[in-house]
Structure formats: C-alpha cells, structure tokens
Amino acid sequence: MHDRVAELAGLRAELAICKNGPRESRRETAGQVQEQIDRVRGELDAEAGELEKRAEQLLADGQDGAAGTAREQARTIREVLEADQGSESPKRGGKRTASAAKPPETR
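Residues numbered from 1 in each chain as written. Predicted model: local features only at pLDDT ≥ 70, side-chain atom pairs only at ≥ 80, totals over all residues. Heavy atoms only, no water.

Q: I'm lost on the environment of E28 in this one. Help?
A: Considering the arrangement of structural elements, one finds E28 in the loop between helix 2 (24-27) and helix 3 (30-60). Here E28 falls in the exposed class, since its relative accessible area comes to 70%. Along the primary structure E28 and C18 are separated by 10 residues, whereas in three dimensions their C-alpha atoms are 7.8 Å apart. (Helix = DSSP H or I, 4+ residues; strand = E, 2+ residues; numbered from the N terminus. Buried < 20%, exposed > 50% of the residue type's maximum accessible area, 1.4 Å probe, protein only.)

Q: Would you mind going over the environment of L11 with me for this structure?
A: Within the fold, L11 resides in helix 1 (residues 2-20). Judged by relative accessible area, which is 10%, L11 ranks as buried. Between the C-alpha atoms of L11 and V40, which are 29 residues apart in sequence, the distance is 9.2 Å.

Q: Help me out: how do you make sense of helix 3 in this one?
A: Note that an α-helix has 3.6 residues per turn; residues three or four places apart therefore point the same way. Over its 31 residues, helix 3 extends 45 Å from the first C-alpha to the last, a length consistent with the 45 Å expected when each residue adds 1.5 Å. The set of residues buried in helix 3 consists of A30, V33, I37, V40, R41, L44, A48, G49, L51, A55 and L58. Of the residues flanking the end of helix 3, it is G62, one or two places downstream, whose phi is positive at about 85°. (Expected span 1.5 Å × (residues − 1).)

Q: Sorry if this is basic, but what is going on with the pattern of salt bridges here?
A: Pairing is possible between side chains that carry opposite charge, provided their charged atoms lie close to one another. Applying the stated criterion across every chain, the model contains 8 salt bridges. A salt bridge links E7 to R39; the nearest nitrogen and oxygen atoms lie 2.6 Å apart. Note that E7 is positioned in helix 1 and R39 in helix 3, a separation of 32 residues in sequence. The closest approach of N and O atoms between E52 and R78, which form a salt bridge, is 3.1 Å. Here E52 is found in helix 3, whereas its partner R78 is found in helix 4 (residues 64-86), with 26 residues between them in sequence. Owing to a relative accessible area of 33%, E52 belongs among the partly exposed residues under this scheme. Exposure remark for R78: the relative accessible area of 25% places this residue in the partly exposed category. Here the residues in one salt-bridge network are R4, E7, R39, E43 and E47, joined through shared partners. (Salt bridge = Lys/Arg side-chain N within 4 Å of Asp/Glu carboxyl O.)

What follows is the structure, given as structure tokens:
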C-alpha cells in the first residue's frame, strides 16, 4: 500500500513538472503520466475494496482485532484517494508575505 501511495505522489509531482516545467518537450508526456496516475489510483481502489471485504469476513469470523486493522488500512487508502482527487484541480495562490508591524502609538 505505502509503495503505491508513494508512487502516486511521485507521479503527481512528475505531472506538475510536465505541465508547468520549462521544457516544452515534457508537455507531450503529460498524457502518459496521467495514464500511470489512473492505473495506480485503480490499484489502490481495488486494494481498498479487498481490504473492506476481508474486514467483513474477519468480523463475521469473530476476529475483531484483525477486522479493525483491515478496515483501518482500507480507510487510509480511501483518504489518500480523496486527497489526491482534490489535487486534480490546480490551486493558484498568491505569494504570501508577512506584513510589517504597525509602529506603536504615542500620545
């Protein structure tokens, strides 16, 4: 699970470089990188589904601890996928700098 999560983060960074980087030649590979992102997202989604099924089976067998562990792993994967879904739309933020402190008031 952690390998695919790290791979997804790396692919996201590579896609950002392809789209926003200085080399025009990298823009041509953005589609291929997006395909890889979709593949990894699909694998993670399938893994989460399997873990959820396993948790239900373990719970039915009376293995509450193992079921809880499987359910927690599935939830972690789902949270990663939701967070990654939010990064699909680029966020543009301005440069934030601290404002100077106001001088003390004197009477």
